[in-house]
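Here is how the chains run, residue by residue.
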Amino acid sequence: MATGAVPASFMGLKSREHGLGFVQSMDFVRVSDLQRVKFRRTKVLVISNQSSGSEIAELQPTSEGGPLLVPRQKYCESIHKTVRRKTRTVMVGNVAMGSEHPIRVQTMTTTDTKDVNATVEQVMRIADMGADLVRITVQGKREADACYEIKNSLVQKNYNIPLVADIHFAPSVAMRVAECFDKIRVNPGNFADRRAQFETLEYTEDDYQKELEHIEQVFSPLVEKCKKYGRAMRIGTNHGSLSDRIMSYYGDSPRGMVESAFEFARICRKLDYHNFVFSMKASNPVVMVQAYRLLVAEMNVQGWDYPLHLGVTEAGEGEDGRMKSAIGIGTLLQDGLGDTIRVSLTEPPEEEIDPCKRLANLGMRAAELQRGVAPFEEKHRHYFDFQRRTGQLPIQKEGEEVDYRGVLHRDGSVLMSVSLDQLKTPELLYRSLAAKLVVGMPFKDLATVDSILLRELPPADDNDARLALKRLIDISMGVITPLSEQLTKRLPNAMALVNLKELSTGAYKLLPEGTRLVVSVRGDERYEDLEILKNVDATMLLHDLPYTEDKISRVHAARRLFEYLSENALNCPVIHHIPFPNGTHRDDLVIGAGSNAGALLVDGLGDGILLEAPDQDFDFLRNTSFNLLQGCRMRNTKTEYVSCPSCGRTLFDLQEISAEIREKTSHLPGVSIAIMGCIVNGPGEMADADFGYVGGAPGKIDLYVGKVCIVFPSLA
């Protein structure tokens, strides 16, 4: 079904003409009860509480035949096109933020805040690169005092870029810096709560209420000061720094992230303060996307319209960091969500601005053109929890001469386009496909390409090229070639690429009986044209929409296609095929792949990727494809690094240490290593990591296994 999330709050049931509904409270409250009722001849559980309210919504099972009913919640303006979510305008100094304004780009300084000259110089370089605002870490009184000098120095140099104070654990510091900076970022996980010890705590209703009263007592003075001075605020939840209280009650989950932020937002609203934005950051793009969607769904229930700051935290460096950010941020931008973004990279902050701008431009253009497809009903996509639609992998058929079971991989497939020129040097081609070589013969390895697309077959008398292809087919690597090529220059055991027109005319029937078919579809065809898929045994579908399409959205066309397949119980695998035009910048290719294919894979829609870019390096395209699958938490083929971008809190040279760690551990596929500059998000973001390297004191680090610290040199 379309949702698997627990909603904010709701109570009781009311009978309706067309089934059951529930009364949903306008307060964001905790789930307190489960009731068993009869629904469509089935006894089901309904989450309820005793609040009152008036909003009615439809109930549906969380999954087909499931016992738990939840509401279908709206998280974006449109499911069939990109429409920017309407928000209020929040002023950050002289910069307006919200749906009526451009998507703002920002970054964070990495200098020691107490070093005023170095920080000012870095802010100026960032501003010169085109950033709209800059965040600076402020961890203590000395840093807060330095902020006055930083602000004054920048103004004297005619730099009026808004400055944001990044606050953790220090309400008194926030109070001081609010007098000079334009915006305060507070982390609900540690502003009033103690640092998480990852302990499960037991709370009564009275205990929980006392905790909320404590938060209000600590946080209210800052809200009043921000009102007085006209400052903005970001209520910024991090998956890695949720409090023990929140995790004990809601779990280490998107739900806990949203509730943590809402506790602070309610205090702001109670004090009639509305100049704030939300963020829901995580190092895992899948968790990040789910958290933002749930946040917006709950804001829609409440009638709130606060802007969103988007970001994947601890994304890493290079193409890995850009890909993770593209998957998380790009997915949300395609749905019209996001008003300011930051691409967090383990690189100098100036280097973040260019990919940040590219992502912002992608989101702005999609919304301006309102890219999409014809309206369709969506009933099967899971918005708030990851449930992968796994296509039926190829099954060996009686009489087949080769093994087709390896042409796709169960955890996600990588396909590559190969040229005739590459066939002239077979061993070089095998290496490019990441195959192992034994006496010149190829064998599949952990990260070997699964299938290749060959748009032109070698002549029948080119024995060397055909032998090279036969050796690939013999190791269960699929070779896909157009129908016209297979009809005129047949390659035994190759798979024929056909489109819907070639299927409808029956041209494919000229092929030898038993030939495997790969069907190319756009996703925006008439449903009548897609009907032929019911009568064809396709090994896989290639979702192939020209990248230069201005009005049609690849993401929405694919969602429409998957809806059709699910509705008709068609479970053939779907590969996302993105052909990039010549001259595409590398960053645009990474961001385009992450934003278009990644936006589908994070919803469990798709079984692999085929990136084409004729003028790009073959190894780069292959690595980008595997990075995309790993970033979407599908196929893990290399060491995973959760690496923070560094800031003034960092207690060692993060870029240098990160490079050293990668050099010594890059041979460990399947292992996840967190490299964190300080304790703020360290242990928490290691929820997905096997090992952690966290700054504990200047020049010293603590070593973790999971969330457990096993070596404490920082205490020596």
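Computed from a predicted structure; not experimentally measured. (Residues numbered from 1 in each chain as written. Predicted model: local features only at pLDDT ≥ 70, side-chain atom pairs only at ≥ 80, totals over all residues. Heavy atoms only, no water.)

1. A short note on the overall build of the protein chain
Scanning the protein chain from N- to C-terminus turns up 20 helices and 31 strands. Per-residue burial for the protein chain yields a buried fraction of 61% across its 716 residues. Summarising the internal contacts of the protein chain: among those between residues at least 6 apart in sequence, 70% fall at separations of at least 24. (Helix = DSSP H or I, 4+ residues; strand = E, 2+ residues; numbered from the N terminus. Buried < 20%, exposed > 50% of the residue type's maximum accessible area, 1.4 Å probe, protein only. Contact = heavy atoms within 4.5 Å.)

2. Re a negative patch on the surface
Residues D653, E656, E660 and E663 make up a contiguous surface patch of negative charge. For E663, a relative accessible area of 66% translates into the label exposed. (Patch = residues over 30% accessible without salt bridge, like charges linked within 9 Å, V, L, I, M, F, W, Y side chains within 5 Å. Areas by Shrake-Rupley, 256 points an atom, 1.4 Å probe, with all protein chains shown as cover. Salt bridge = Lys/Arg side-chain N within 4 Å of Asp/Glu carboxyl O. Lys, Arg positive; Asp, Glu negative; His and termini not counted. Charge placed at Lys NZ, Arg CZ, Asp CG, Glu CD.)

3. So, the packing of helix α8 (residues 318–334) against helix α18 (residues 618–631)
In contact at an axis separation of 10 Å, α8 and α18 are set at 50° when each is read in the N-to-C sense. Taken as axis vectors, α8 and α18 run oblique relative to one another. Between α8 and α18 the crossing geometry is right-handed. Each of E319, D320, M323 and I327 in α8 lies in contact with α18, whose residues at this interface are F620, T624, N627, L628 and G631. Class assignment of the residues belonging to the contact of α8 with α18 gives a composition of four nonpolar, three polar and two charged. (Axes fitted to C-alpha atoms, helices over the stretch in contact; angles between N-to-C directions. Parallel < 35°, antiparallel > 145°, perpendicular 65-115°, else oblique. Left-handed = near helix turned anticlockwise from the far one by under 90°. Nonpolar A, V, L, I, M, F, W, Y, C, P; charged D, E, K, R; others polar.)

4. Remarks on unusual backbone geometry
Positive phi, close to 65°, is recorded for A434, a residue that is not glycine. Relative to the helices and strands, A434 is located in the loop between α10 (426–432) and β18 (436–438). A positive phi angle is found at V439, which is not glycine, with a value near 55°. Examined against the element boundaries, V439 turns out to sit in the loop between β18 and β19 (441–443).

5. Notes on the pairing of strand β21 (residues 478–482)
Burial runs high along β21: five of the five residues are buried. Residues G478, I480 and P482 line one face of β21 and the alternating positions V479 and T481 line the opposite face, and both faces are buried. Examined bridge by bridge, strand β20 (residues 451–454) and β21 share three bridges and lie parallel to one another. Looking at β21, one finds that I452 is bridged to V479. Taken together, β20, helix α11 (residues 463–474) and β21 constitute a β-α-β crossover, and its handedness is right-handed. (Pairing = 2+ DSSP bridges. Right-handed = clockwise from strand over helix to strand, strands pointing away.)

6. Concerning the sheet that holds strand β23 (residues 517–521)
Strand order in the closed barrel formed by eight strands is β17-β20-β21-β22-β23-β24-β25-β26, with parallel pairing between adjacent strands. Across the sheet, the mean angle separating the axes of adjacent strands is 25° when strand polarity is ignored. The strands touched by helix α15 (residues 554–567) are β23, β24 (538–544) and β25 (574–579); relative to β25, the strand with the most contacts, the crossing angle is about 160°.

7. Overview of the side chain of R245
Note on placement: R245 falls in helix α5 (residues 244–250). Here R245 falls in the buried class, since its relative accessible area comes to 2%. Within the local environment of R245, its side chain forms a polar contact with the side chain of E263, the two groups lying 2.9 Å apart. Not counting residues up to four positions away in its chain, the partners in contact with R245 are D193, L201, Y203, Y208, E211, L212, I215 and E263. (Polar contact = N/O pair within 3.5 Å; in protein donor to acceptor, adjacent residues only side chain to side chain.)

8. Focus on the pairing of strand β9 (residues 104–108)
Of all five residues in β9, five are buried, a share of seventy percent or more. Both β9 and strand β10 (residues 133–137) contribute to a ladder of three bridges, which runs parallel. If you follow M108 over to β10, its bridge partner there is R135. Once you follow β9 into helix α1 (residues 116–128) and on to β10, the crossover reads as right-handed.

9. Focus on helix α4 (residues 205–229)
In this model, α4 (25 residues) spans 36 Å end to end at C-alpha, consistent with the 36 Å of a helix rising 1.5 Å per residue. Looking at the buried side of α4, the elements it contacts are α3 (171–177), β12 (183–186), β13 (232–238), α5 and α6 (254–270). (Expected span 1.5 Å × (residues − 1).)

10. Considering the confidence of the model for the protein chain
The pLDDT averaged across the protein chain works out to 86; a share of 85% of its residues lies at or above 70. Contacts from residues 1–58, a stretch scored under 50 in pLDDT, to residues over four places away or in other chains number 170 contacts. (pLDDT = per-residue confidence, 0-100.)

11. Details of the sheet that holds β10
Spatially, β14-β13-β12-β11-β10-β9-β16-β15 is the arrangement adopted by the eight strands of the open sheet, whose pairing is parallel. Among the strands making up the open sheet, the edge pair consists of β14 (276–281) and β15 (309–310). By the bridge criterion, four bridges tie strand β11 (residues 163–167) to β12 in an arrangement that is parallel. Considered in β12, the bridge of D166 is made with R185.

12. Remarks on a nonpolar patch on the surface
Where nonpolar side chains cluster on the molecular surface, the patch consists of F691, L703, V705, V708, I710 and V711 and spans about 480 Å² of accessible area. Among the secondary structure elements, those contributing two or more residues to the nonpolar patch are β30 (700–705) and β31 (708–711). Of all the elements, β31 adds the most residues to the nonpolar patch, at three residues. Along the chain, V708 falls in strand β31. By relative accessible area, V708 is classed as exposed at 53%.

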